[in-house]
Amino acid sequence: MTKNTSLPVVLTFAASDPTGGAGMQADILTLTSMGCHALSVLTAVTVQDTVGVEDYFPLDTDWIVDQARCVLEDMPVAAFKVGMLGSLEAIAAVAAIVADYPDVPLILDPVLTSGRGDALSTDDMRAAMMDMLIPQTTIITPNSVEARRLVEDELDGEEDTLDVCARLLLATGCEYVLITGTHEGTSEVINTLYDTTGVLCADAWARLAGSYHGSGCTLASAIAATLAHNMPIAEAVREAQAFTYESLRAGFRPGMGQYIPDRLFWARDGDKS
Ligand code: PXL
């Protein structure tokens, strides 16, 4: 049998979402669908359905560290993707692990709440992300609500426009910020990519009807995949948005709550549009 050495390996730190819409399940589906192999380091277990999150249980930090160190000893990785970490200790532990791989791109989805607003983090965790993880990040992908919350303590009286939020996030040392605009009052969804020189590009997408579970996880994992495939940043972000948009457009509603993106939209028979 020939050995397939062509799949870039991406390590994701994420929590389990039993609905299959968000979290680890979203990451593995997205990375696989985009031609990567996913290493999956579980950080927490959640109890949820497509309507809301009922509870979560953060794994003991030693278990998170051991999972990651074990696979990292074995395999080189082309990117790290970080989603829900679940505890202050987990943020510090993951920050220490990725610090040992400064040349590997780090994609951070700063999960503060679920799409429906259930708390998945505390204020201490938000501060720890700003101190320990965001400075090491290649690209952080907050929605506009998360961007404003992350920089809340840094504003010093300034108005929290998205441009200001991006500037304050970049001031921590991260390389790029992609702020997604689903929660803004614009007719189209506008996602804006920034670096320290300002806006690199802004992409507008038709606003889809319905509420989706796992869109942020899909977008951040898709960026991890395109960067793992060595695409230049603007193209990587654009391609990942297109993938996410198509996944959402093909989304389905298996339960009583949110729609779930179909990350394998391209593999289906027939045209769903
Ligand atoms: O979409 C953010 C997110 C990330 N990870 C897990 C989640 C959610 C949202 O519900 O449940 C496990």
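Owing to the predicted nature of the structure, the values given are computational and were not obtained by experimental measurement.

Trainee: Residues and numbers for the site of the ligand, please.
Mentor: Taken together, 13 residues lie around the ligand, and Ala 15, Gly 23, Gln 48, Ser 114 and His 213 are the ones closest in. Within the complex, 94% of the 310 Å² of free accessible area of the ligand lies under protein. For the shell around the ligand, the secondary-structure elements that each account for two or more residues are strand S1 (9-16) and strand S2 (37-48). Of the residues assigned to the shell around the ligand, the class counts are six nonpolar, six polar and one charged.

Trainee: Tell me what's going on with the nonpolar core, and back it up with residues and numbers.
Mentor: The nonpolar side chains of soluble globular proteins are, as a tendency, buried together. Residues Phe 13, Phe 80, Leu 133, Ile 134 and Val 177 are the most contacted members of the largest nonpolar core, which totals 44 residues. A per-element tally of this core places helix H6 (residues 162-170) first, with seven residues. Apart from the residues within four sequence positions on either side, Val 177 is in contact with Ile 140, Pro 142, Ala 166, Leu 169, Leu 170, Thr 192, Leu 193 and Tyr 194. Of all hydrophobic cores here, the second largest spans 25 residues; its members include Ala 79, Ile 139, Cys 201 and Ala 236.

Trainee: Can you lay out helix H7 (residues 215-228) for me, pointing to particular residues and giving the numbers?
Mentor: Between the first and last C-alpha of H7 there are 20 Å, a value that for 14 residues agrees with the 20 Å anticipated at 1.5 Å per step. For H7, a buried count of twelve out of 14 residues is recorded, marking the element as mostly surrounded by other parts of the structure. Positive phi shows up at Asn 230, right after H7, with a value of about 65°.

Trainee: Quick one: what's the story with the sheet that holds strand S7 (residues 176-179), residue by residue and with numbers?
Mentor: Spatial strand order, S3-S2-S1-S4-S5-S6-S7-S8-S9: nine strands in an open sheet with mixed pairing. Taken across any chain shown, the strands that pair with only one partner, and hence form the sheet edges, are strand S3 (53-58) and strand S9 (198-205). Relative to S9, strand S8 (residues 189-195) runs antiparallel, the two being bridged by seven bridges. Pairing of Leu 193 across the sheet is with Cys 201, part of S9. Those strands touched by helix H3 (residues 88-99) are S1, strand S4 (79-82) and strand S5 (106-108), and its axis lies near 180° from that of S1.

Trainee: So what about the pairing of S1? Which residues, and what values?
Mentor: Taken across its eight residues, S1 has eight buried, putting it largely inside the fold. Crossover handedness for the path S1 to helix H1 (residues 23-33) to S2: right-handed. Across four bridges, the pairing between S1 and S4 is parallel. When the bridges of S4 are listed, Val 10 appears paired with Ala 79.

Trainee: Account for the pattern of salt bridges, with residues named and values stated.
Mentor: Once the charged atoms of two side chains with opposite charge are near each other, the side chains can pair. Tallying each qualifying case throughout the model produces twelve salt bridges. Between Lys 81 and Asp 27 there is a salt bridge whose closest N-O contact spans 2.9 Å. Here the residue Lys 81 occupies a position in strand S4, and Asp 27 occupies one in helix H1, the gap between them amounting to 54 residues. By the burial criterion, Lys 81 is buried, and Asp 27 matches it. A salt bridge links Arg 238 to Asp 203; the nearest nitrogen and oxygen atoms lie 2.8 Å apart. Within this pair, whereas Arg 238 is found in helix H8 (residues 233-249), its partner Asp 203 is found in strand S9, the two being separated by 35 residues in sequence. Among the ionic contacts, a cluster of salt bridges with common partners joins Asp 123, Arg 126, Arg 149, Glu 152 and Asp 153.

Trainee: If you had to explain the pairing of S2 to someone new, which residues and values would you point to?
Mentor: Relative to S2, S1 runs parallel, the two sharing seven bridges. By the bridge assignment, Ser 16 is partnered in S2 with Val 45. Connecting the antiparallel pair S2 and S3 is a turn made up of four residues.

Trainee: Kindly report on the environment of Ala 204, identifying the contributing residues and their values.
Mentor: Mapped onto the secondary structure, Ala 204 falls in strand S9. Separated by 16 residues in the primary sequence, Ala 204 and Glu 188 have C-alpha atoms spaced 6.0 Å apart. The residues touching Ala 204, leaving out its near neighbours within four places in the chain, are Glu 188, Val 189 and Ile 190.

The rules behind each value
Residues numbered from 1 in each chain as written. Predicted model: local features only at pLDDT ≥ 70, side-chain atom pairs only at ≥ 80, totals over all residues. Heavy atoms only, no water. Near = heavy atom within 4 Å. Areas by Shrake-Rupley, 256 points an atom, 1.4 Å probe, with all protein chains shown as cover. Helix = DSSP H or I, 4+ residues; strand = E, 2+ residues; numbered from the N terminus. Nonpolar A, V, L, I, M, F, W, Y, C, P; charged D, E, K, R; others polar. Core = buried A, V, L, I, M, F, W, Y, C linked by side-chain atoms within 4.5 Å. Buried < 20%, exposed > 50% of the residue type's maximum accessible area, 1.4 Å probe, protein only. Contact = heavy atoms within 4.5 Å. Expected span 1.5 Å × (residues − 1). Pairing = 2+ DSSP bridges. Axes fitted to C-alpha atoms, helices over the stretch in contact; angles between N-to-C directions. Right-handed = clockwise from strand over helix to strand, strands pointing away. Salt bridge = Lys/Arg side-chain N within 4 Å of Asp/Glu carboxyl O.

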